[in-house]
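Topology and contacts: notes
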Amino acid sequence: MKIETCIDSLVSYAMNRGLAEPVDHQVLTNRLLDILRKDDYEPSDEPQSENLEEILGGILDYAVANGLCEDNITARDIFDTRIMGAVTPMPREVVRTFREKYAVSPEKATDWYYRFSCDTDYIRRYRIAKDMRWKYPSEYGEMDITINLSKPEKDPKAIAAAKNAPQTAYPKCQLCRENEGYAGRMNHPARANHRIIPIKVCGEDWCLQYSPYVYYNEHCIVFNSKHVPMKIDRSAFEKLLDFVKAFPHYFVGSNADLPIVGGSILGHEHFQGGHYTFAMETADLETEITFCGYEDIHAGTVKWPMSVIRLDGKDPVRLAELADKILRCWRGYSDESVGVIAFSDGEPHNTITPIARRRSDLYELDLVLRCNITTSEHPLGVFHPHADKHHIKKENIGLIEVMGLAVLPSRLKQELTDLAAAIVSGADIASDPVLSKHAAWVEELKQRYTFTQDNALDILLKETGRVFTEVLEDAGVYKNTPEGRAAFLKFIDAVNAQ
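Residues numbered from 1 in each chain as written. Predicted model: local features only at pLDDT ≥ 70, side-chain atom pairs only at ≥ 80, totals over all residues. Heavy atoms only, no water.

1. Remarks on the nonpolar core
Put simply, the rule is: Nonpolar cores were defined as sets of buried Ala, Val, Leu, Ile, Met, Phe, Trp, Tyr and Cys residues, with membership established by side-chain atoms within 4.5 Å. Exposed residues in this analysis have more than 50% of their type's maximum accessible area, buried residues have under 20%, and partly exposed residues fall in between, with area computed by a 1.4 Å probe over protein chains only. A run of DSSP states H or I qualifies as a helix once it reaches four residues; a run of E qualifies as a strand once it reaches two. Both are numbered from the N-terminal end. Contacts are assigned to residue pairs with any non-hydrogen atoms lying within 4.5 Å of each other.
Ranked by internal contacts, the top residues of the largest apolar core, which has 99 residues, are Phe291, Leu311 and Phe491. The element best represented in this core is helix α11 (residues 316-331), accounting for eight residues. Non-local contacts of Phe291, meaning those with residues more than four positions away in its chain, are made with Ala299, Ile309, Leu311, Leu322, Ile326, Ile492, Val495 and Asn496. Core analysis: the next-biggest nonpolar cluster, separate from the first, contains 52 residues, Ala283, Leu412, Ala422 and Trp441 among them.

2. A word on the environment of Leu52
Positionally, Leu52 belongs in helix α3 (residues 52-65). The spacing of Leu52 and Ser9 is 43 residues in sequence and 8.7 Å in space, taken between C-alpha atoms. Excluding residues within four positions of it along the chain, Leu52 makes contact with Leu10, Tyr13, Met84, Asp119 and Asp121.

3. Concerning helix α1 (residues 3-16)
Let me state the cut-off plainly: Here the expected span of a helix is defined as 1.5 Å times the quantity of residues minus one.
Along its 14 residues, α1 runs 20 Å from first to last C-alpha, staying within 8% of the 20 Å computed at 1.5 Å per residue. Counting buried residues along α1, 12 of its 14 residues qualify, which places the element largely inside the surrounding structure. Within α1, the full set of buried residues consists of Ile3, Glu4, Thr5, Cys6, Ile7, Asp8, Ser9, Leu10, Val11, Ser12, Tyr13 and Ala14. On its buried face, α1 is in contact with α2 (25-35), α3, α4 (73-85), α6 (106-119) and α7 (125-128). Of the residues one or two after α1, Gly18 is the one with positive phi, at around 80 degrees.

4. Details of the packing of α11 against helix α16 (residues 482-496)
The axes of two packed helices give the description: the angle between them and the distance between them. Definition in use: The angle between two axes is taken between their N-to-C directions and runs from 0 to 180 degrees, where each axis is a line fitted to C-alpha atoms and a helix contributes only its stretch in contact. Angular relationships are summarised with four words: roughly parallel below 35 degrees, roughly antiparallel beyond 145, roughly perpendicular across 65 to 115, and oblique for the angles in between. What makes a crossing left-handed is the near helix being turned counterclockwise from the far one by less than a right angle; a clockwise turn instead makes it right-handed. As a working rule, the residues Ala, Val, Leu, Ile, Met, Phe, Trp, Tyr, Cys and Pro are called nonpolar, Asp, Glu, Lys and Arg charged, and the rest polar, with Gly in that last group.
The contact between α11 and α16 brings their axes to 9 Å, and the two run at 110 degrees. Judged by the angle between their axes, α11 and α16 are roughly perpendicular. Of the two elements, α11 crosses α16, and the hand of that crossing is right-handed. On α16, the residues that touch Lys325, Ile326, Cys329 and Trp330 of α11 are Phe491, Ala494 and Val495. Grouping the amino acids of the contact of α11 with α16 by side-chain chemistry returns six nonpolar, no polar and one charged.

5. Points about the sheet that holds strand β2 (residues 141-147)
To keep it simple, the criterion reads: Two strands qualify as a pair provided DSSP detects at least 2 bridges between them.
The strand order across the open sheet formed by three strands is β1-β2-β15, and the pairing between neighbours is mixed. Both outer strands of the open sheet, β1 (132-138) and β15 (405-408), are each paired with one neighbouring strand and no more. Adjacent strand axes in the sheet meet at a mean angle of 20 degrees when their direction is disregarded. With four bridges joining them, β2 and β15 adopt parallel strand pairing. For Asp144, the partnering residue across the bridge sits in β15 and is Leu405. Packed onto the sheet, helix α15 (residues 456-475) meets β1, β2 and β15 and runs at close to 65 degrees relative to β1.

6. Digging into the pairing of strand β10 (residues 308-313)
The side chains of a regular strand alternate between the sheet's two faces. Across the six residues of β10, six count as buried, placing the element largely inside the fold. In β10, alternate side chains face the same way, and those of Val308, Arg310 and Asp312 on one face and Ile309, Leu311 and Gly313 on the other are all buried. Summarising the sheet, strand β9 (residues 298-302) and β10 pair through four bridges and their orientation is antiparallel. Pairing of Thr301 across the sheet is with Ile309, part of β10. Where β9 folds back on β10, the antiparallel hairpin that results is connected by five residues. Where β10 and strand β14 (residues 362-371) come together, six bridges link them in antiparallel fashion. Considered in β14, the bridge of Asp312 is made with Glu364.

7. Some points on the pairing of strand β13 (residues 350-359)
Among the 10 residues that make up β13, eight are buried, leaving the element largely enclosed by the rest of the structure. Alignment of strand β6 (residues 251-253) against β13, held across two bridges, turns out to be antiparallel. Note that in β13 the partner of Val252 across the bridge is Ala356. Of the pairings in the sheet, the one linking β13 to β14 comprises 10 bridges and is antiparallel in character. If you follow Ile355 over to β14, its bridge partner there is Asp366.

8. Some thoughts on the pattern of salt bridges
Going by this rule: What makes a salt bridge here is a side-chain nitrogen of Lys or Arg within 4 Å of a carboxyl oxygen of Asp or Glu, nothing more.
The tally for this structure, following the rule as stated, stands at 41 salt bridges. In this structure, Asp71 engages Arg76 in a salt bridge whose closest nitrogen and oxygen atoms are separated by 3.2 Å. The exposure class assigned to Asp71 is partly exposed, which follows from its relative accessible area of 48%. Of the charged contacts in the structure, one is a salt bridge between Asp257 and Arg331, with a shortest N-O distance of 2.9 Å. In this pair, Asp257 is assigned in the loop between β6 and β7 (270-274) and Arg331 in helix α11, connecting sequence segments 74 residues apart. Residue classification places Arg331 among the partly exposed positions, given a relative accessible area of 22%.

9. Quick notes on the packing of α1 against α2
Two elements in contact, α1 and α2, have axes whose closest approach is 10 Å; the angle formed by their N-to-C orientations is 135 degrees. The angle between the axes of α1 and α2 places the two elements in the oblique class. As α1 packs across α2, the resulting crossing turns out to be right-handed. Between α1 and α2, the contacting residues are Ile7, Leu10, Val11, Ala14 and Met15 on the first element and His25, Leu28, Thr29, Leu32 and Leu33 on the second. The class makeup of the residues in the contact of α1 with α2 is eight nonpolar, two polar and no charged.

10. A look at unusual backbone geometry
Cis geometry marks the peptide bond from Tyr170 to Pro171; its omega dihedral reads -15 degrees. Backbone geometry places Arg37, a non-glycine residue, at a positive phi of 55 degrees. Along the chain, Arg37 falls in the loop between α2 and α3. Taking the relative accessible area as the measure of exposure, Arg37 reaches 66% and is therefore exposed. Even without a glycine there, the phi angle at Asp121 is positive, about 70 degrees. As for its placement among the helices and strands, Asp121 is situated in the loop between α6 and α7. The exposure class of Asp121 is buried, given its relative accessible area of 3%.

Here it is as structure tokens:
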């Protein structure tokens with residue numbers, strides 16, 4: 001496809017997607033010509049394309065061939081984001097449209113904003129489509145298992161360029177408001193096509209955006225307009241409940257505020273939410289409980305691999321008050337019989353991963369008890385994926401995994417395919433430099449399955465789901481055993497004794 005055809009196609013795409021109007025045609029064309037350093041131009045007589053990946057691919061190939069862009073994944077991403085930034089409306093237009101649609105209904109506003117974030121290529125739909133997704137029917141509900149392939153892995157050239165790039169403190173992190181419209185660099189993603197929605201949360205200035213990697217439907221990020229650190233306290237519960245008051249069709253949750261059991265960005269206060277029903281939300285109560293003085297709140301422990309207290313009530317103020325009481329008790333609570341240690345050498349270990357949602361006229365809070373204590377046996381964390389499962393999942397168990405969605409490393413796509421072939425062929429898996437990490441797992445599976453060429457990969461995918469479920473059991477502070485349940489209720493008694 002000629003570069004003129006790519007330019008014409010992109011301008012038409014922008015108008016067809018509502019990013020621009022016919023009166024903008026000439027300005028958009030000239031913006032693209034300027035970025036591409038083209039001094040001459042004639043509209044193309046070739047058929048135009050509506051395939052954005054194809055259009056941008058043609059522009060990138062032209063840019064690389066003409067020395068405008070280096071030929072590596074990071075440089076190409078920066079350049080095509082700059083191209084899309086040229087056809088993305090200004091923030092004032094985006095915010096105005098969002099507010100007009102919010103006045104009709106919050107759902108109409110988020111429907112439009114999500115589609116807009118896809119159409120601008122901030123969410124790269126053609127990459128998201130490459131992710132592997134399947135369900136695993138666990139005893140707790142249907143777990144979502146994903147192998148994330150949409151977040152590009154840097155090639156050696158890009159890694160070297162990022163290492164040599166000048167260090168700067170602007171933007172302070174990848175969540176900061178300053179990312180909106182940012183050109184990007186080799187060690188910081190481009191956001192020229194990114195538009196943020198300012199919102200109020202408990203009267204404070206916050207922002208709404210979508211995750212560019214979309215681990216589930218309408219995966220949004222809600223973040224403080226100021227660069228302040230994560231903190232789980234009463235105000236966090238109040239903010240979560242206030243958000244679902246404004247957006248009742250979304251859930252929202254927060255990663256914990258301590259290492260190991262927290263998320264990857266602890267330096268900037270933020271939540272994650274979206275329009276999706278996780279297995280944890282549909283899990284039943286296992287034991288109903290009553291908190292003294294809060295008889296108006298329906299409470300119970302949840303039948304889930306991790307340790308969850310669920311609170312339901314009509315008054316969000318009361319819910320936040322009780323959640324804070326539970327948190328304050330948990331912060332200082334130890335039970336060595338189950339390995340829960342609140343402090344060691346003055347370092348705190350206990351916190352909570354909270355999730356808020358609406359159920360009709362009720363507000364609901366799920367409080368997931370977390371503890372990041374480490375030992376010589378479990379140096380990465382006692383309540384963290386144990387070593388026998390690191391061949392599948394070694395990373396922290398954050399908010400998304402807590403709710404029942406596995407975000408597994410991209411390496412597994414090829415490893416599981418190669419492993420299935422190796423099992424069927426009878427290869428020596430233990431001597432394979434890549435697959436040997438799975439050898440003990442395979443030997444255990446051979447005791448339960450007869451592998452064939454037709455079923456080998458399906459068995460591995462199913463059993464990967466089982467491993468993830470067991471990972472969540474590792475992360476649960478109270479195990480689903482008679483002893484674990486008794487210890488859980490002992491903690492509830494401690495809350496009531498306050």
